[in-house]
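# Understanding the architecture of this molecule
What follows is the residue order along each chain.
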Amino acid sequence: MPRINRILIANRGEIAVRIIRACKEMNIETVAIFSTADRESLHVELADYAICVGSGSPKDSYLNLGRIMSTAVTLGVDAIHPGYGFLSENSRFAKMCEECKIIFIGPDSDAILNMGNKSIARALMKESGVPVIPGSDGLIHDMDEAFAIVDKIGYPVIIKASMGGGGKGMRIVSTPEELERFITQAKNEAQNAFGDSSIYIEKYITESRHVEFQILADQFGNTVHLFDRECSIQRNNQKMIEEAPSSCVSEEMREQMGKSAILAAKAINYFSAGTVEFLVDNDNNYYFIEMNTRIQVEHPTTEMVTGIDLIKEQIKVARGDKLTFTQDDVKIRGHAIECRINAEDPANNFAPCAGTITKLHLPGGNGIRIDTHIYQNYTIPVFYDSMLCKIICWGNDRDEAIGRMNTALNELVIEGIKTNTTLQKRIISHPDFRKGHISTSFVNKILG
Ligand code: MV4
């Protein structure tokens, strides 16, 4: 079994801090990389070593495979943790690690490649017996094919880019007049955004909930799920609030969806942490939509209800350890909710905004966890994601978790920059949210 004594964290912000903390617990040395815009960032301070790899622009630093790999080789690291975003689902990066004999803390590059192509992922799931949404068998090559599919499944339909994912490059089509035009637009957009114009079509599920299952698997075929997360509270396809477990999944559904999630992972011999995303319709049918081959922003909600440290488990699996627990050992206790606090200006349609935090007070108390990289007098760089911190509240039940979140949001003080805290408070205290009456259109409804 390869020892892992030193890990390079190919990321920044709160997830880099989170990974460094897990490494410290495991007595693993840490190498941070940073851009010239991140000299004062917390992850640089906390790591054992810190190497500047380029300027603030991500392509010159956090996305610069050559500089990251040369830093990893020069520092003699045993492994690289990619976090989420940046290179975390870049199969070429994972391959380069394999070729440089540096452990990529995640799945193998083939799993990333296959799940990165949403059309291939869909086909693999379908043949493995995982429920998928009615739609095209593979790609749409011409308009005749498109019209034939839509005649079969009926409007509305959604056009999706194979290399899209996360809602990018999607078009919802409600009439035949729109179909040809939207297919052309979707293909052009996909070609420009992803360098690949391939698209596929699915029946559009109008009122849906976004429920995902956390998977953890070792390199010996032992695969467990760590239950579900509800991610329906989104704005512009950006998740705002996530919770574990989902309040819309019954016990029998949870059992069924968990089996499907494990089937999905085994279909591609998956190992490491991963997430199987489902859509649940109003008749409680669930369908596979995507599999994410990385640790996700919302992983702390699962950690809080299962007591399992997902980052430490990823590192153990990467060094060849077997899972030390079976599916029967994994139990959910209580309920956890996460609110993402972003540097966004509500008065300017929540556009990301930068600036210096002149005053900061982070909430605390029983069941309250804050994952963040910010500190008082920290200046937010303009180059990166606007997320400042995640407030995660655990309670014995959903009501207690909501109550604690409300208290935490009211206690939070961030001055000097604008944030989305007020909107988060509105959602958390909304009667429909408290009753669990939510869907992916919830935020748009309350924003009006
Ligand atoms: C869908 C859908 C409804 N019907 N597919 C795709 C990316 C994933 N993260 C969310 N996606 C969706 N796929 C079908 N056939 C609804 C979503 C969806 C969504 C889509 C657009 C904007 C925001 C969304 C939030 C949650 C789910």
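Note that the structure is predicted; figures quoted are calculated from it, not measured.

## A word on the packing of helix 5 (residues 109–116) against helix 6 (residues 118–127)
Packing of helix 5 against helix 6 leaves a shortest axis separation of 5 Å and a crossing angle of 100°. As far as their axial angle goes, helix 6 and helix 5 are roughly perpendicular. Touching Asn 114, Met 115 and Gly 116 of helix 5 are Lys 118, Ile 120, Ala 121, Leu 124 and Met 125, all from helix 6.

## Regarding the sheet that holds strand 4 (residues 79–81)
Strands sit in the order 3-2-1-4-5 across an open sheet of five strands; the sheet is parallel. Among the strands making up the open sheet, the edge pair consists of strand 3 (49–54) and strand 5 (103–104). Here strand 2 (residues 29–35) runs beside strand 3; their pairing, made up of five bridges, is parallel. The partner of Ala 32 across the bridge, within strand 3, is Ala 50. Contacts from helix 1 (residues 13–25) reach strand 1 (6–9), strand 2 and strand 4 within the one sheet, and its direction differs from that of strand 1 by about 175°.

## So, the site of the ligand
In the region of the ligand, 18 residues are neighbours, and Lys 160, Glu 202, Lys 203, Ile 205 and Asn 237 sit closest. Contact distances for the ligand include 2.9 Å between a nitrogen atom and a backbone N or O atom of Ile 205. Look at the ligand: alone it shows 530 Å² of surface, and the protein chains cover 89% of it. Those elements that provide at least two residues to the shell around the ligand are strand 6 (157–161), strand 8 (199–203), strand 12 (272–280) and strand 13 (286–292).

## Topic: the pattern of salt bridges
Going through the model one piece at a time under the given rule, you end up with 31 salt bridges. Lys 95 is paired through a salt bridge with Glu 98; the nearest N and O atoms lie 3.8 Å apart. Placement of both Lys 95 and Glu 98 in helix 4 (residues 91–99) is noted, with a separation of three residues, approximately one turn of the helix. Residue classification places Lys 95 among the partly exposed residues on the basis of a relative accessible area of 39%. For Glu 98, a relative accessible area of 34% corresponds to the partly exposed category. Its salt-bridge partner being Glu 290, residue Lys 118 comes within 3.9 Å of it at the nearest N-O pair. Here Lys 118 is found in helix 6, whereas its partner Glu 290 is found in strand 13, with 172 residues between them in sequence. Accessibility assignment for this pair places Lys 118 and Glu 290 in one class, buried.

## A short note on unusual backbone geometry
If a residue is not glycine, its phi is most likely negative; likewise, a peptide bond is most likely trans. Residue Pro 156 follows Tyr 155 across a cis peptide bond; omega there is -5°. Unlike most non-glycine residues, Phe 86 shows phi in positive territory, near 40°. Checked against the element boundaries, Phe 86 lands in the loop between strand 4 and helix 4. One non-glycine residue, Asn 284, adopts positive backbone phi at about 60°. Residue position: Asn 284 is located in the loop between strand 12 and strand 13.

## Digging into the sheet that holds strand 7 (residues 171–173)
The strand order across the open sheet built from three strands is 7-6-8, with neighbouring strands paired in antiparallel fashion. In this open sheet, the two edge strands, each paired with only one partner strand, are strand 7 and strand 8. The mean inter-strand angle of the sheet, taken between neighbouring strand axes irrespective of direction, is 25°. Of the pairings in the sheet, the one linking strand 6 to strand 7 comprises three bridges and is antiparallel in character. Paired with Val 157 across the two strands is Val 173, which belongs to strand 7. Along the sheet face, helix 6 touches strand 6 and strand 8 and points at about 50° away from the line of strand 8. Contacting strand 6 and strand 8, helix 7 (residues 143–153) runs over the sheet at an angle of about 15° to strand 8.

## Describing the domain arrangement of the chain
In terms of domain boundaries, the chain breaks down into domain 1 (6–105), domain 2 (134–203) and domain 3 (209–447). Here the C-alpha centroids of domain 2 and domain 3 sit 29 Å apart. Opposite the seven residues of domain 2 that make contact, domain 3 presents four residues. For the pair domain 2 and domain 3, the two sides together bury roughly 350 Å², of which 37% comes from carbon and sulfur. Among the residues domain 2 hides against domain 3, the three largest losses belong to Pro 134, Lys 160 and Gly 166. Together they make up 58% of the total. Where domain 2 touches domain 3, the interface holds zero salt bridges. Taken together, domain 2 and domain 3 are joined by zero residue pairs in polar contact (both at pLDDT 80 or more). Of the residues in the side of domain 2 that touches domain 3, the class split is one nonpolar, three polar and three charged.

## Overview of the environment of Ala 123
By the element assignment, Ala 123 lies in helix 6. Accessibility expressed as a relative area gives 38% for Ala 123, which makes it partly exposed. Between the C-alpha atom of Ala 123 and that of Ile 102, which follows or precedes it by 21 residues, the distance is 31 Å.

Analysis parameters
- Counting restarts for each chain, with residues numbered from 1 along the sequence as it is written.
- Residue-level local features of this predicted model are given only where pLDDT is at least 70; pairs of side-chain atoms are given and counted only at 80 or more, and the full residue set underlies all totals for whole chains, interfaces and linings.
- Here the side-chain values reflect all heavy atoms present in the structure, with hydrogen atoms and water set aside.
- Lines fitted to C-alpha atoms define the axes here, with helix axes fitted over just the stretch in contact, and angles between the N-to-C directions of these axes take values from 0 to 180 degrees.
- Helix and strand definitions here come from DSSP, where helices need a minimum of 4 consecutive H or I residues and strands a minimum of 2 consecutive E residues; each element is numbered from the N-terminal end.
- In these notes the angle categories are as follows: under 35 degrees is roughly parallel, over 145 is roughly antiparallel, 65 to 115 is roughly perpendicular, and the rest is oblique.
- Any pair of residues with heavy atoms lying within 4.5 Å of one another is described as a contacting pair.
- Two strands form a pair only when DSSP identifies at least two bridges running between them.
- Working definition: residue near molecule or strand if any one of its non-hydrogen atoms lies within 4 Å of it.
- In protein, a polar contact requires one atom able to donate a hydrogen and another able to accept it; more generally it is a pair of N or O atoms within 3.5 Å, and residues adjacent in sequence count only if both atoms are side-chain atoms.
- All accessible-area figures derive from a Shrake-Rupley calculation using a 1.4 Å probe, and residue coverage is judged against the displayed protein chains alone.
- For this analysis, a salt bridge means a side-chain nitrogen from Lys or Arg found within 4 Å of a carboxyl oxygen belonging to Asp or Glu.
- Only protein chains enter the accessibility calculation, which uses a 1.4 Å probe; a residue is then buried when its area is under 20% of its type maximum, exposed when over 50%, and partly exposed in between.
- Throughout, the edges of the domains are those of an automatic or database domain assignment.
- A simple way to read buried area is as the amount of 1.4 Å-probe accessible surface that goes missing from two parts once joined, with both sides added.
- In this classification, Asp, Glu, Lys and Arg are treated as charged, Ala, Val, Leu, Ile, Met, Phe, Trp, Tyr, Cys and Pro as nonpolar, and every other residue, Gly included, as polar.

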